[in-house]
Amino acid sequence: MSELNSEPSISRQGALQAAALLGAAPWSEMLKSWLKPDASTQPPRPLREVGREREQRVIPPPPLPPLGVIALNRLAFGPRPGDVAAFNALGATPEARLQAYVDQQLNPAGIDDNACQARLTGAGFTTLNKSLGQLWSDHVVNNTTGWDLRMLPLVETERATLIRAVYSKRQLIEVLADFWHNHFNVYGWHYYVGPVFVHYDRDVIRAHLLGNFRQMLEAVAKSTAMLYYLDNYINQAGGFNENWARELMELHTLGVENYLGVMDPFSVPLDENGQPIGYVDNDVYEAARAFTGWRVDYSSWEPGVGQSGAFLYYESWHDRANKFFMRKYIPADQAPMKDGLDVLDGLASHPGTARHIAGKLCRRLVGDYPPQEVIDAAAAVFLAQKDAPDQLKQVVRTILLSTAFQNTWGDKVKRPFEAAAGFLRAANAEFTPSDSWGWNYGRLGQPLFSHPAPNGFADTKEDWANTMSMLQRWRLANALIEGWVEGTTIELVSQTPSNLRTPNAIADYWIDRLLGRAMHPVENREEIVGFLAQGRNPDFDLTDEQRSGRIPRMVAVLLMSPDFQLR
Amino acid sequence: MIRQRLTRRQFLIGCSSAIAAMAGSRLTRVALAAPGAGDDTNSEVLVVIFLRGGWDALNVVPPIDGSDRGYYEGARTELQIPTSGEGALLQLNSQFGLHPSMGPLYDLYQQGSLAVVHAVGLTSDTRSHFDAMQFIELGTPGDKNTTTGWITRHLESSPSLPGTILIPAISAGSSQALSFLGSHEAVAMSSPNDFSFRGHWDYEDAQRTALRSIYNGDTWLYQAGTQTLDAVDLIESLDPGDYTPANGAVYPSGSFGDNLQAIAQMIKMGVGLRVATIDLGGWDTHENQGDGSGGYLSGLLAELAGGLGAFYMDLSGAGASNYTSRLTLTVQSEFGRRLRENASHGTDHGHGSVMMVMGGNVNGGQVYGIWPGLQIQQLYDGADLAVTTDYRQVLSEILIQRCGNPNTEYVFPGYTGYTPLGLVRSGSVIPPGFDYHLYLPDVER
């Protein structure tokens, strides 16, 4: 199909094709078409200078903080008091400390998390330990109460996730769970997803996030949540439904950067291993056919179907004829489910998938535009270990121990979930999720498990450094320290060492405590000191009343500062 | 990829002396409080509604008769909108009808305030939501490396935007639309009432003062903070309070209705708003979409039509309250859907779509575009309605004729062959005989 207008630059297909022909490492070319160019090298776009009186400061890139600060802001939801010191005690050099910390975090069973567990137990959740069958039975089939009972598994999972983000010592697991929930996004408030959300979170996402990607993919493909969310539960022969197959390829595996559009599959160039360099619409349709019959066991009148809510392969819905998926011939009448499993095999072992997953993980853990080397290294591990039971653990380890990880700072802004959890951790809040928390937090724009579209929440600073997100997180910080959020208390005055009484001393204590480094630019410190001093000499002691009034509101300003938003 | 170092100041310096004088004027925080500053009587407001998911254009504006009706009915035995009886379409002209759930928009069509464009869309060969949305919002089909959204480039290059407006653009909702990528002028906002700082009244001023100094800086994060503080200052000074829609308009409940109401409120507050974007999602009807008698799509279309109808009513009036005379609103989606229904009582991703344009200066009551037909050879890839009108043709005409921005080559680089469809009446503020080409700086392409 020819285009009506000439395009200004080479098309993605052209780039992929040229790269394949040249035999050059095609990874970087393909990624360039996906990742935006490094925005930090472009000159900053000036504000409407017309109409601005004030002089704008020139801000150089922020200096690299200590490695402990970097680690706790990117492998965790921000440091709690004492976390950075504990990190520093893990070794003699920063690299040794990071390695020790990463290996600890990648072995969660070895981390004593009883304190967090006690909070989860004390919260009175009733659904978190239910099996898929129990969830379906209690909240769908035998639910005479209504919507609230139906959605209880989702609500409890959300609250448990919040508690873990704030209190769990297995922080990397929480960061990765957040990543994979967005990668394999489902809309929690969907009528059939909410009741099984406990299963999706526990048995599909968390059970696999340090394991094998191909296994995870199969668990997702067979999960009741995903089968409903992307319509595969009614995908049947004679009129297949493409929704799941399309997003499987476009979002979950190869990624849209490897999508060549509407094109003859025989025209797709091959890489050096004889594999097509990308996929086309035909492949989506063939994949959709391969997954016909992958449904949910829930019907009151169909033969051979029960009411368990579990995955069911329904042969009479399966398109038994042969298929041609990404140049691979799938013969007719294969064993039950083999067609779909073949598609998953092909996708999980394609280099494009390795690059896509590696790129996304690097974007989450390192920076918005990570250096090519770390993406390539992670992709290489992904491919080499594609059959290993700890494939994803190895990929993550490669990324976290890379020089890119250690040397990148300030290229990402905290998303609302990280900002909010970060507030609570840094301020050592006593936190219980409540409806009040939900209303205050929801305005920030990242309500957990509530992204309606399958692509999950976005992950670059352009998406979150906007007025609404900034304003609402500022408001949340104030609401928290003022005690306006029911279920959360923060005692900032008693956490300030009682011998610190001057604005200078108090400011330095809290800057170090919350940021672990100087403010940037350094002179911003004067604003914090000035806030506490309110015009008087910053080396004069404050009265008790002044301390108790000013310290919390000053801490709020630090939580609102640009430094606190970075990771 | 265009490499531009164009700032609005640089651009305006090349323009007439009258505009340059405005560009050089200074605004202190004290002057922020003056309502109506920069809100000239001939300042057009463009509202861009994006329907996320790819709406089923062929059921929104189905064919009525001829062989195309036959192909339509044959491909959609279950989902077709009948021409008579229960759930029948509303007749637009001899060729096309409108989905029956869109009554309020039908009324606007009949009164000449709504135009429909058929077989319009993205010419790129993609059925991916995310590709298509990026191409459309960045305004560069085929290229996702563009660092600015199309609306950003419009704001940068428009000669009709005096420098004294502080909130020329709003992205309704809690995130900034991709069309505003690279812009520091777009404020993301759900409602003016929500747009306040809300600290403890004894300490709030000191906090805001501190933040203003802390966030003073020229890089992205500092500018985001500064912009937020500016927007809060401005909106608080205008005291939004409670809002009652005019003329008894009733917005549908939900965030779409809320966002429309917020934009209407901001228009009336006279902050100099020029562009607003609003999203409505949920259009990806792969299953159980329903037909003319009801169902999921019907409900969503009713929400869309009800919201836009209320918006138009709210902004209608006489004299200074005649806001619709300077309103142009567009409705678009990333693509349409397949001609043939699927086995799940829904439709899959397609190609050609429908756009709608609504406003007081729209040449409404007509269906524009070149209808390609629904016979199999006339379909795109043998399956979808083809695209015969590039969506940029519609937007370019609105930018030129209504928004007073002739620089569509900058807004849509690489787009050639523009001619007006005649959708809107001209309200351009460009003085006669003004040739903007003389003032454009050299562009590196």
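The shown structure was predicted, so the numbers you read here are calculated from the model rather than taken from an experiment.

Calculation rules
Residues numbered from 1 in each chain as written. Chains lettered and ligands numbered in written order. Predicted model: local features only at pLDDT ≥ 70, side-chain atom pairs only at ≥ 80, totals over all residues. Helix = DSSP H or I, 4+ residues; strand = E, 2+ residues; numbered from the N terminus. Rg over C-alpha atoms; globule rule 2.2 N^0.38 Å. Buried ≥ 20, exposed ≤ 12 C-beta atoms within 10 Å, placed from the backbone. Axes fitted to C-alpha atoms, helices over the stretch in contact; angles between N-to-C directions. Parallel < 35°, antiparallel > 145°, perpendicular 65-115°, else oblique. Left-handed = near helix turned anticlockwise from the far one by under 90°. Contact = placed C-beta atoms within 7 Å. Nonpolar A, V, L, I, M, F, W, Y, C, P; charged D, E, K, R; others polar. Core = buried A, V, L, I, M, F, W, Y, C linked by C-beta atoms within 7 Å. Domains from an automatic or database assignment. Arc of directions from axis to C-beta.

Caption draft 1: Representation of the overall build of chain A within the structure. Of the regular secondary structure elements, chain A holds 29 helices and six strands. For 567 residues, the compact-globule estimate of 2.2 N^0.38 gives 24 Å, and chain A sits close to it at 26 Å. The principal-axis extent of the C-alpha atoms belonging to chain A is close to 85 × 60 × 50 Å. The buried share among the 567 residues of chain A stands at 52%.

Caption draft 2: Region of the structure containing the packing of helix α17 (residues 351–365) of chain A against helix α18 (residues 372–384) of chain A. All names here are of chain A. Across the interface, α17 lies against α18 with an axial gap of 8 Å and an inter-helix angle of 130°. As the angle between them shows, α17 and α18 are arranged oblique. As α17 packs across α18, the resulting crossing turns out to be right-handed. Two secondary-structure elements touch here, α17 through P351, A354, R355, I357, A358, G359, L361 and C362 and α18 through V374, I375, A378, A379, F382 and L383. Taken together, the residues of the contact of α17 with α18 break down into twelve nonpolar, one polar and one charged.

Caption draft 3: View of the nonpolar core. Counting 280 residues, the largest nonpolar core has A378 and I399 of chain A together with I170 and I263 of chain B as the members making the most contacts within it. Per-element tally for this core: the top contributor is helix α11 (residues 296–314) of chain B, with ten residues. For I263 of chain B, the contacting residues outside a window of four places in its chain are V47, I170, A172, A276 and I278 of chain B.

Caption draft 4: Examining the packing of α17 of chain A against helix α19 (residues 391–400) of chain A more closely. Residue and element names in this part refer to chain A. Close contact between α17 and α19 brings their axes to 10 Å; oriented N to C, the two are set at 50°. Between α17 and α19, the interaxial angle falls into the category oblique. Helix-helix and strand crossings are classified by hand; for α17 and α19 the assignment is right-handed. The segment α17 lies against α19, with A358, L361, C362 and L365 engaging V395, V396, I399 and L400. For the contact of α17 with α19, the per-class residue count stands at eight nonpolar, no polar and no charged.

Caption draft 5: Looking closely at the domain arrangement of chain A. For chain A, the assigned domains are domain 1 (106–227), domain 2 (230–348), domain 3 (416–490) and domain 4 (494–565). Distance from the C-alpha centre of domain 2 of chain A to the C-alpha centre of domain 3 of chain A: 38 Å.

Caption draft 6: How the structure looks around helix α7 (residues 132–141) of chain A. Residues and elements named next belong to chain A. L132, L135, W136 and H139 are the residues of α7 that are buried. Taken around the axis of α7, the buried residues stretch over an arc of 105°, which confines them to a single face. Looking at the buried residues of α7, the elements they touch are α8 (147–150), α9 (152–167), α11 (197–206) and α13 (224–229).

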